[in-house]
Structures are given as structure tokens and as C-alpha cells.
Amino acid sequence: MRSYKEVIECVYTDVKNITDTGKVADYIPELAHVDANNFGVNITTIDKESFGVGDFEKKFSIQSVSKILTLTLAYKFEGVKLWDRVDVEPSGNPFNSLLQLEADSGKPRNPFINAGAIVICDVLLSHLKNPKEDFLDFCREISNNPTLNYNEKVAESEKISGFRNVALCNFIKSFGNIKNDVEEVLDFYFYTCSLEMTCKELSEIFLYLTIDNFTTQKGERVITESQTKRINAIMLTCGFYDESGEFAFRVGLPGKSGVGGGIIAIHPDQYCMAVWSPKLNKKGNSYKGMLFLEKFTTKTASSIF
Ligand code: GLN
């Protein structure tokens, strides 16, 4: 941990001073109110040692990083049957694209683009009695963090502006790959995206993908070893939409981003790192977040390759 700390501090200062060419997401009106200069980093190692710098204790909207959590719960319920509903191929298209769905008959390319995550939310609605509460309970349990919550303002803000997601959900329903009511699916999807966490919390909740044989406080496994392998693999190949290759090339870790400016990166058997900087590059990924992780894994020689 000591050497990680030194590199984190040094790379943080370096990246903080670089001019950010990104832009804060404003297509969800509530997200535009965030201070663009926030910049936080937190690492949690498999020994549960934690270290953060900058704004690592401020809550932010994790947005698409939540797609890992919804996928995990749906995979737990469905097992391999899940892959009949959603594929595991990189899309090479923006996260909110409608393009491929027509050719693919409503089967989204992967669970980390909006189309895929919306189908995953539909799967969850078929399993959960009180979807929003039950999903939140799941997140609280695996992180041992009862304070986690949605940001209702963000969820409601997206509900009145998320026209593309409405289109995606209806389009997929026309192919029969949405089983529940479109409005209920979207309401649940928007709430999952509105989950708020700090960098510290974010780097803790994903320890189940980092530590072999991870068990919750109750002594329960979250998912199997093989499922863990597969989720990490999809993160590596699809976690950054049409920039997934670039992230693997520059950072070399499974990861996932969100339009709130958060990124989570996992080094299996070593650490889980969260970075937050709200300004996004053209592909919707945090500009400084990617830069920080690239410099960190290069300096510590700690990518999976
Ligand atoms: N809630 C956002 C949306 O659906 C999530 C997108 C993202 O974080 N990439 O547009």
C-alpha cells in the first residue's frame, strides 16, 4: 500500500494541474449543477486498506457504474439464461445508441450500454417484489454500507429528459425483449443510475469482484468465481462503450465509467480504485479519470497485462 500511496499522491497532483478538455454532462439537467473541479481518488486493497486523495469523500451520481451492480444481481438470479436476453460483445457505438438494435432484433450487444442495462432492469423487475428497495438492500448488503441511497432529484431529472432511453425501451419491447411495463422498467432504470456514492464507497462496494472467495458480512458469497471472471471480462471489453479498446490499451484493467464522471477500475486479487472528475471526453468518459488511471497503472506497473 505504501508505494501505491506515493504514486497516487504524485499522479493526483500531476493530473490536477493538467487542463481538462472535457465537459460536464448536462443532458440530465440535475447533473449540470455539479462543480466541474471536483477530483477525487480512492483505492481499497484486498486487505481492505483504504487510501483517498482530493474529493474522495464527496457523494456523486454513479450513473452507469451502477450497471455492474444491476448485472450482478440479474446474473445471480438467472445464471447463464441471462445471455439469451443480452449479448456480451463490445458495441463500438455510443452508450445510448439505437443503431444496432434493429439489426440485432432487440438483443442489446452487452449489459453496459443503456439498451443492455434497460433489459437487465426488466429482468430484475420480474424477480424483485419491491425493485427499488430490494436493489438498494442488495447494494447495502454487499458493501456493508447501510447509508447508500438514490438521489431522487437526479432520478426525477432524468425521467423528464431521458427521451432516448424511452425510445430504447419501447424499441426493445417491440421485439419482445422487455416483459414488464415500459414505464416501470424506465423508472427503475433511472433510479439505479441515480445511486450516489463517494470514491471511497465505490472502491469498497466492488471488492466482491476483486477478492477471491469474497463473502459479505453475513458470510454469503455474492456471485460464483466463474461469474466474477465473466463480469470482469465484460468490463474490460465493454465498460467504456466505443472507447473500451482505448481504456484497455491505456489502463489495462477491467473498468466501468458513468456520465457523473466516476470510473471504477479493478485489479483482480490486488485492488479496486475509484476516480471521480465530472468533465467527460467526447465518448462520455471522465477525461481526468482515464488519465489518472493510465498514469497510475503505468507507474506502478500494475495492469493485468
Ligand atoms: N443515466 C444515464 C443515461 O441513461 C447513464 C449513462 C452513462 O452513465 N453512460 O443516459
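Residues numbered from 1 in each chain as written. Predicted model: local features only at pLDDT ≥ 70, side-chain atom pairs only at ≥ 80, totals over all residues. Heavy atoms only, no water.

Draft legend 1. Geometry of the overall build of the protein. The number of helices and strands found in the protein is 12 helices and 10 strands. Computed over C-alpha atoms, the radius of gyration of the protein comes to 18 Å, within 12% of the 19 Å expected from 2.2 N^0.38 for 305 residues, which places it in the range of a compact globule. Along the first, second and third principal axes, the C-alpha atoms of the protein reach 55 × 45 × 35 Å. Scored against the burial criterion, the 305 residues of the protein give a buried share of 59%. In the protein, the proportion of contacts linking residues at least 24 apart, taken out of those at least 6 apart, comes to 71%. In the structure as shown, the protein presents an accessible area of about 12500 Å², 50% of it carried by carbon and sulfur atoms. Where the 34 positive side-chain charges of the protein centre and where its 40 negative ones centre are 2 Å apart. (Helix = DSSP H or I, 4+ residues; strand = E, 2+ residues; numbered from the N terminus. Rg over C-alpha atoms; globule rule 2.2 N^0.38 Å. Buried < 20%, exposed > 50% of the residue type's maximum accessible area, 1.4 Å probe, protein only. Contact = heavy atoms within 4.5 Å. Areas by Shrake-Rupley, 256 points an atom, 1.4 Å probe, with all protein chains shown as cover. Lys, Arg positive; Asp, Glu negative; His and termini not counted. Charge placed at Lys NZ, Arg CZ, Asp CG, Glu CD.)

Draft legend 2. View of the sheet that holds strand β6 (residues 195–197). Reading across from one edge, β4-β6-β5 is the order of the three strands in this open sheet, with antiparallel pairing throughout. A strand with exactly one partner marks an edge of an open sheet, and here the two such strands are β4 (60–61) and β5 (149–150). Summarising the sheet, β5 and β6 pair through two bridges and their orientation is antiparallel. Paired with Y150 across the two strands is L195, which belongs to β6. (Pairing = 2+ DSSP bridges.)

Draft legend 3. View of unusual backbone geometry. Positioned with a positive phi, Q63 is a non-glycine residue whose angle comes to about 45°. Checked against the element boundaries, Q63 lands in the loop between β4 and α2 (66–78). A residue is classified by how much of its surface remains accessible, and Q63, at 3% relative accessible area, is buried. Even without glycine at this site, A301 takes up a positive phi of about 50°. Relative to the helices and strands, A301 resides in the segment after α12 (287–300).

Draft legend 4. How the structure looks around the pattern of salt bridges. The tally for this structure, following the rule as stated, stands at 14 salt bridges. For the salt bridge of D26 with K23, the shortest nitrogen-to-oxygen distance reads 3.7 Å. Assessed through its relative accessible area of 46%, D26 is described here as partly exposed. Owing to a relative accessible area of 56%, K23 belongs among the exposed residues under this scheme. Linking K159 and D187 is a salt bridge whose minimum nitrogen-to-oxygen distance equals 2.5 Å. One end of the pair, K159, is in helix α6 (residues 152–159); the other, D187, is in helix α8 (residues 182–193), with 28 residues separating them in the sequence. On the accessibility criterion, K159 (35% relative accessible area) is partly exposed. (Salt bridge = Lys/Arg side-chain N within 4 Å of Asp/Glu carboxyl O.)

Draft legend 5. How the structure looks around the site of the ligand. The immediate surroundings of the ligand are formed by 14 residues, with Y27, Q63, S64, E158 and Y189 found nearest. Y27 places a polar side-chain atom, nitrogen or oxygen, 2.5 Å from an oxygen atom of the ligand. The side chain of N165 places a nitrogen or oxygen atom 2.9 Å from an oxygen atom of the ligand. A total of 300 Å² of accessible area belongs to the ligand in isolation, and the protein chains cover 99% of it. Looking at the shell around the ligand, its residues break down into seven nonpolar, five polar and two charged. (Near = heavy atom within 4 Å. Polar contact = N/O pair within 3.5 Å; in protein donor to acceptor, adjacent residues only side chain to side chain. Nonpolar A, V, L, I, M, F, W, Y, C, P; charged D, E, K, R; others polar.)

Draft legend 6. Structural context of helix α4 (residues 114–125). Here α4 spans 16 Å end to end across 12 residues, near enough to the 16 Å set by a 1.5 Å rise per residue. In terms of residue burial, α4 counts as a mostly covered element, since 12 of its 12 residues are buried. (Expected span 1.5 Å × (residues − 1).)

Draft legend 7. Here's a closer look at the sheet that holds strand β8 (residues 262–267). Sheet architecture is open: five strands sit in the order β3-β2-β9-β8-β7, paired in antiparallel fashion. Either end of the sheet is taken by a strand with one partner, and the two such strands are β3 (50–54) and β7 (255–257). Taking the axes of each pair of neighbouring strands and ignoring which way they run, one obtains an average angle of 10° across the sheet. Of the strand pairs in this sheet, strand β2 (residues 40–45) and β3 are connected by five bridges, and their pairing is antiparallel. Note on β3: the bridge partner recorded for G40 is G54. (Axes fitted to C-alpha atoms, helices over the stretch in contact; angles between N-to-C directions.)

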